[in-house]
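Chain by chain, the residues run as shown.
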Amino acid sequence: SLTIGIVGLPNVGKSTLFNALTKNDVLAANYPFATIEPNVGVVGVPDPRLAKLAEIFGSERVLPATVDFVDIAGIVRGASEGEGLGNKFLANIRESDAICQVIRAFEDENVVHVDGRVSPKDDIETINTELILADLQTIEKVLPRLEKEARIKKDKQAQVKAVQEAQAILEDGRTLFSAGIAQGTERAEPLHELHLLTTKPFLYVFNVDEDELTDEAFKDEQRALVAPAEAIFLNAKLEADLAELDEDEALELLQSVGQDEPGLATLARVGFNTLGLQTYLTAGPKESRAWTIPKGATAPEAAGVIHTDFQRGFIKAEVISFDDLVEAGSVAEVRAKGKARMEGKDYVMQDGDVVEFRFNV
Ligand code: GDP
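Here the structure is a predicted model, which is why all the values come from computation and not from measurement.

What counts, and at which threshold
Sequence order sets the numbering: in each chain, residues are counted from 1 along the sequence as written. Where local features are concerned, this predicted model is filtered to residues with pLDDT of at least 70; where side-chain atom pairs are given and counted, the filter is 80 or more; whole-chain, interface and lining totals use all residues. Only the C-beta atom, placed from the backbone, is used; a residue is near a molecule or strand if that atom lies within 6 Å of it. Secondary structure is summarised from DSSP: a helix means a run of H or I of at least four residues, a strand means a run of E of at least two, and numbering begins at the N terminus for each. Only Asp, Glu, Lys and Arg are considered charged, only Ala, Val, Leu, Ile, Met, Phe, Trp, Tyr, Cys and Pro nonpolar, and every remaining residue, Gly among them, polar. All axes are obtained by fitting lines to C-alpha atoms, using only the stretch in contact for helices, and the reported angles, taken between N-to-C directions, cover 0 to 180 degrees. Put simply, angles under 35 degrees are roughly parallel, angles over 145 are roughly antiparallel, angles from 65 to 115 are roughly perpendicular, and the rest are oblique. Left-handed describes a crossing whose near helix is turned anticlockwise from the far helix through less than a right angle; right-handed describes the clockwise counterpart. Think of it this way: build a C-beta for each residue from its backbone, and any pair within 7 Å is a contact. pLDDT: the predictor's confidence for each residue, scored from 0 to 100. When DSSP finds two or more bridges between a pair of strands, those strands are recorded as paired. UniProt positions are given in the numbering used here, feature names are shortened, and annotations may be inferred rather than shown by experiment. The term nonpolar core refers to a set of buried Ala, Val, Leu, Ile, Met, Phe, Trp, Tyr and Cys residues connected through C-beta atoms within 7 Å. Any residue surrounded by 20 or more other C-beta atoms within 10 Å of its C-beta is treated as buried, while 12 or fewer makes it exposed and the intermediate range makes it partly exposed; C-beta atoms here are placed from the backbone.

1. Digging into the site of the ligand
Item 1. Around the ligand there are 15 residues in total, and G13, K14, S15, T16 and D108 lie nearest to it.
Item 2. Only helix 1 (14–23) and helix 8 (236–242) provide two or more residues apiece to the shell around the ligand.
Item 3. The element best represented in the shell around the ligand is helix 1, accounting for three residues.
Item 4. For the shell around the ligand, a count of residues per class yields five nonpolar, seven polar and three charged.

Rendered as structure tokens:
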């Protein structure tokens, strides 16, 4: 499955946040026999539709989609030079599908900042610089060979041009993602084989003081620093406290600081989106469940997520939109109204599809 690597300077609250994440580990809750890696937190993507489905179908349990967060320790200035845990750090980032930077915005004189002052802008720059330098090194290693090849093979010229363009952006101190050259887009295609770090989607978690959680002017300022990446604002200590409480107590604590959901829930949802993922829903008396697919997946591909046999033997999918189902109150009623659709193998799955697959075994 796809993973999001959590990075950040020392003392910004990564461990505090990660501990809160692992306390919410849905693997631990739903799959007691799963092996859980110590540096991986599997977080459920909150989806209120599942509870509604469980009500309609009388499901015994609900299973949300999940996002895997990996704690990547060891960013220091000079990581791109292999300093400290530098090499391991970069290798871990290379294996992640998205990069989540934790940025300290909270003030606390008892918690030392590595650079002696709290400055989100500088911290973002410090981390991005290491990633940018690592990408520049990668490019400098392969570009001479690519240029040589392109002199003989004309079809390589477009790739050389794309790599040179990337180099110029990086030399300008910008990540490729922020320049619109994001993994999965057409512009990033010629760079694919270089496995560059900064084409990965970025998201930013600002670890803020509680009063900043509702400070819209402050948050807009931080958002502007990281656009087009998403910014999430939370207080890591508060998240750790929330993870210890039951649902009612947690809600009360959240309301006392002007929030309607835990920051971790927001993080899971935004992270899921950042990875380019979406869900479809299945429901029955045993469980109501959200299944993870890439955006744009077809019905047979979606079936394959449940079981490869479902994809191989795919015949068709009966698709009901969640809203139609809730309005009608039951599958039978949706069918009676003629709103249940039979979709074939070219159907592109839509968010909120409630599906039953028909297949040959
Ligand atoms: P890491 O080095 O990035 O993993 O940071 P830690 O999670 O170990 O946190 C470093 C110190 O900052 C610890 O003493 C935490 O208790 C404290 N800390 C973490 N988050 C917050 C926060 O939101 N507010 C305050 N005041 N302290 C925090």
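2. Comments concerning the packing of helix 5 (residues 120–152) against helix 6 (residues 157–171)
Item 1. Put simply, helix 5 and helix 6 touch, their axes get as near as 10 Å, and they point 155 degrees apart. The pairing of helix 5 with helix 6 is recorded here as roughly antiparallel in orientation. Between helix 5 and helix 6 the crossing geometry is left-handed. In this structure, helix 5 uses I132, D135, L136, I139, L143, L146, E147 and A150 to contact helix 6, whose residues at the interface are Q157, Q159, V160, V163, A166, Q167, L170 and E171.
Item 2. A breakdown of the residues in the contact of helix 5 with helix 6 according to their chemical character gives 10 nonpolar, three polar and three charged.

3. Focus: the confidence of the model for the protein chain
Item 1. On average, residues of the protein chain carry a pLDDT of 91, and 93% of them reach 70 or more.
Item 2. Interface confidence for the predicted complex, expressed as ipTM, amounts to 0.97; the pTM equals 0.89.

4. What to know about the sheet that holds strand 4 (residues 66–71)
Item 1. Ordered in space as 2-4-1-5-6-7, the six strands form an open sheet in which the pairing is mixed. Looking at the sheet topology across the chains shown, the edges are occupied by strand 2 (40–44) and strand 7 (230–234). Within this sheet the neighbouring strands show an average axis-to-axis angle of 25 degrees, counted without direction.
Item 2. The pairing of strand 5 (residues 98–104) with strand 6 (residues 202–207) spans six bridges and is parallel. Note on strand 6: the bridge partner recorded for I99 is F202.
Item 3. Helix-sheet contacts for helix 5 involve strand 1 (3–7), strand 5 and strand 6, and the interaxial angle to strand 5 is about 145 degrees.
Item 4. Its contacts with the sheet place helix 7 (residues 216–226) against strand 6 and strand 7, and it is angled at close to 145 degrees to strand 7.

5. So, the UniProt feature "domain: TGS" (unreviewed entry) in the protein chain
Item 1. The UniProt entry lists residues 276–359 under the feature "domain: TGS" (unreviewed entry), expressed in the numbering used here.
Item 2. A helix fraction of 31% and a strand fraction of 39% characterise residues 276–359, whose end C-alpha atoms lie 27 Å from each other.

6. So, the nonpolar core
For soluble globular proteins, nonpolar side chains are generally found buried alongside one another.
Item 1. Ranked by internal contacts, the top residues of the largest apolar core, which has 84 residues, are I6, Y204 and V205.
Item 2. A total of six residues in this core trace back to one element, the largest contributor, which is helix 10 (residues 263–274).
Item 3. The residues touching I6, leaving out its near neighbours within four places in the chain, are K14, F18, F69, V70, D71, I72, C100 and V102.

7. Some points on the pairing of strand 10 (residues 314–321)
Item 1. Judged from the seven bridges that link them, strand 10 and strand 12 (residues 353–359) form a sheet pairing that is antiparallel. Opposite V319, over in strand 12, you have V355 as the bridge partner.
Item 2. Sheet topology places strand 10 next to strand 11 (residues 341–343); three bridges connect them, and they run antiparallel. Bridge pairing in strand 11 links V319 to R341.

8. With respect to the packing of helix 5 against helix 7
Item 1. Two elements in contact, helix 5 and helix 7, have axes separated by 11 Å at closest approach and are oriented at 20 degrees. By the angle between their axes, helix 5 is roughly parallel relative to helix 7. The way helix 5 lies across helix 7 gives a crossing that is right-handed. Together, P120, K121 and I124 of helix 5 and Q222, L225 and V226 of helix 7 make up the contact between the two elements.
Item 2. Here the contact of helix 5 with helix 7 is composed, by residue class, of four nonpolar, one polar and one charged.

9. What to know about the environment of V118
Item 1. Within the element layout of this structure, V118 appears in the loop between strand 5 and helix 5.
Item 2. Overall, the presence of 16 C-beta atoms within 10 Å leaves V118 in the partly exposed class.
Item 3. Among all residues touching V118, those that are not within four sequence positions of it are R104, A105, E107 and H113.

10. Quick notes on the environment of D115
Item 1. Looking at the secondary structure, you find D115 in the loop between strand 5 and helix 5.
Item 2. The class for D115 is exposed, based on 12 C-beta atoms found within 10 Å.
Item 3. Separated by 24 residues in the primary sequence, D115 and I139 place their C-alpha atoms 30 Å from one another.

11. Quick notes on helix 9 (residues 247–256)
Since there are 3.6 residues in each turn of an α-helix, residues three or four apart along the chain are aligned in direction.
Item 1. By the criterion of burial, helix 9 is predominantly exposed, with just zero of the 10 residues buried.
Item 2. Where helix 9 terminates, the next one or two residues include G258, which has phi positive at roughly 75 degrees.

12. Here's the deal with unusual backbone geometry
Item 1. The residue after A227, namely P228, is reached through a cis peptide bond having omega 10 degrees.
Item 2. In the Ramachandran plot, N11 falls in the positive-phi region, its phi being about 70 degrees despite a non-glycine side chain.
Item 3. Inspection of the secondary structure assignment puts N11 in the loop between strand 1 and helix 1.
Item 4. Exposure remark for N11: the 13 C-beta atoms within 10 Å place this residue in the partly exposed category.
Item 5. One non-glycine residue with positive phi stands out, namely H195, at about 50 degrees.
Item 6. Its place among the elements puts H195 in the loop between helix 6 and strand 6.
Item 7. C-beta crowding within 10 Å serves as the criterion here: with 13 such atoms nearby, H195 is assigned to the partly exposed category.

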